[in-house]
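# Observations on chain architecture
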Amino acid sequence: MKRFIFVIGERSNIFWNRLIILLIALLFWLPSISQSQSIALSFDDGFDPRNQPLASSWNRSILEALSNAQIKSILFPAGKRVDSPAGLRLVRDWGKAGHAVANHTYSHLNFCSENTTLEQFILDTEKNETLLKGLPGWTKRLRFPYLKEGETISKRDGFRSWLTDYGYKSGAVSIDASDWYYNKRYLSWRASHPYDDPSPFRTAYLNHLWNRATYCDSLSKRILKRSVRHVLLLHTKAINASFLPDIIAMFRSKGWEFISPEEAYEDPVYAITPMVLPAGESVLWALAKQNGLNGLRYPAESDVYEKPLLDKLGL
Ligand SMILES: [Zn+2]
């Protein structure tokens, strides 16, 4: 009898111990569920078939990757790159596939340059709207070239007023990266290694995107105490034509959920207009600067940060 009670008691202890362990695990698990990240993909610039012989093939690869993953995205073409019958056909393919097409200005001017006036920048934005507004998917959102939103109060606030008056919505990003630099290095590496397995390059590039995404998400949690609905800035580049399926698979494997840009832009963070100068960068970087967070690098993204990493890897 004593032994029977002892066995019951021992089993009961094991039961309670397991229950406590389960409850502790749940306590750690629940916040991670409620804090799970979501992300929308956006692509800047558009391909130029006049000087990119593979433009059509790269465009198709990106659209196929999005379609296969059932992801809706947004393209921000700069008019000067796509202003040809063939270039506009590639932009049209995005709209026909259900993606949004929005404004990235015509001439891709740096609005933080003292050589770019407010009037010039407005005219350039209007010129791009005239070029694109008849295309399927046209949406009045503005993505600033280089994410530069003006270096003076009068330019910054003058253009913000214009955007509001003309019905433009935010085309901001929460995650900025240097895919354009990795693309440059990828093309030159490919030229000298035409038959090599691209895995080392793919790994380096995915690590870079993951590094920037987690950094921006950490800024979001520090400033806003939550993960915003992220918008990632990518470019229409060969590297994304090659590795977009891997990028999507990586984010999904880390538990990030893909949402459409329209869903992402419902996040109130994109209605905030940070009052910093020079204005621009990602909305999280600008909010961090406004909040006086130490250790922010400027510019937020640059080839100078990435060159040593790729040099070290021999890529
Ligand atoms: Zn651009």
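So, here's what we can say about the structure.

Glancing now at the nonpolar core. Counting 78 residues, the largest nonpolar core has Leu41, Phe43, Phe159, Leu244 and Phe251 as the members making the most contacts within it. Apart from the residues within four sequence positions on either side, Phe251 is in contact with Ile39, Leu209, Trp210, Ala213, Leu232, Trp256 and Phe258.

Turning our attention to the coordination of the zinc ion. Each protein donor to the zinc ion is listed here as Asp45 (OD), His104 (NE2) and His108 (NE2); together their distances run 2.0 to 2.1 Å. Summarised as a motif, the one-chain spacing of the donors to the zinc ion is D-x58-H-x3-H. Taking relative accessible area as the criterion, His108 reaches 14% and is therefore assigned buried.

Moving on, we get to helix α12 (residues 303-313). Two or three places before Val304, at the opening of α12, Ser302 has a side-chain oxygen 3.2 Å from that residue's backbone nitrogen. The positive-phi residue at the C-terminal boundary of α12 is Gly314, with phi of around 70°.

Attention now goes to the pattern of salt bridges. Applying the stated rule across the entire model yields 14 salt bridges. Residue Glu281 is joined to Lys148 by a salt bridge in which the shortest nitrogen-to-oxygen separation is 2.5 Å. Highlighted residues: Glu281 in the loop between α10 (261-264) and α11 (283-290) and Lys148 in the loop between β4 (138-142) and α6 (153-165), separated in sequence by 133 residues. With a shortest N-O distance of 3.7 Å, Glu149 and Arg160 are connected by a salt bridge. Of the two residues, Glu149 sits in the loop between β4 and α6 while Arg160 sits in helix α6, which places them 11 residues apart along the sequence. Arg160 gets classed as buried once you look at its relative accessible area, which sits at 15%. One salt-bridge network, held together by shared partners, links Arg185, Lys307 and Asp311.

The rules behind each value
Here, residues in each chain are numbered from 1, in the same order as that chain's written sequence. Under the rules for a predicted model, residues below a pLDDT of 70 receive no local features and side-chain atom pairs below 80 are neither given nor counted, while totals for whole chains, interfaces and linings still include all residues. Side-chain figures throughout are based on the complete set of non-hydrogen atoms in the structure, without hydrogens or water. Among buried residues, the Ala, Val, Leu, Ile, Met, Phe, Trp, Tyr and Cys ones that are joined through side-chain atoms within 4.5 Å form a nonpolar core. Any residue under 20% of the maximum accessible area for its type is buried, any over 50% is exposed, and the rest in between are partly exposed; the area is computed with a 1.4 Å probe on protein chains only. Working rule for contacts: check all heavy atoms of both residues, and any pair within 4.5 Å makes them a contact. Each metal's donors are the N, O and S atoms found within 2.8 Å of it, except that Na, K and Ca use a 3.2 Å limit; water is left out, so coordination can look incomplete. Polar contact is the term for a pair of N or O atoms within 3.5 Å; when the atoms are in protein, one must be able to donate a hydrogen and the other to accept it, and sequence-neighboring residues count only if both atoms are side-chain atoms. Runs of H or I in DSSP of at least four residues are treated as helices and runs of E of at least two as strands, each being numbered from the N terminus. Here a salt bridge means any side-chain nitrogen of Lys or Arg lying within 4 Å of a carboxyl oxygen belonging to Asp or Glu.

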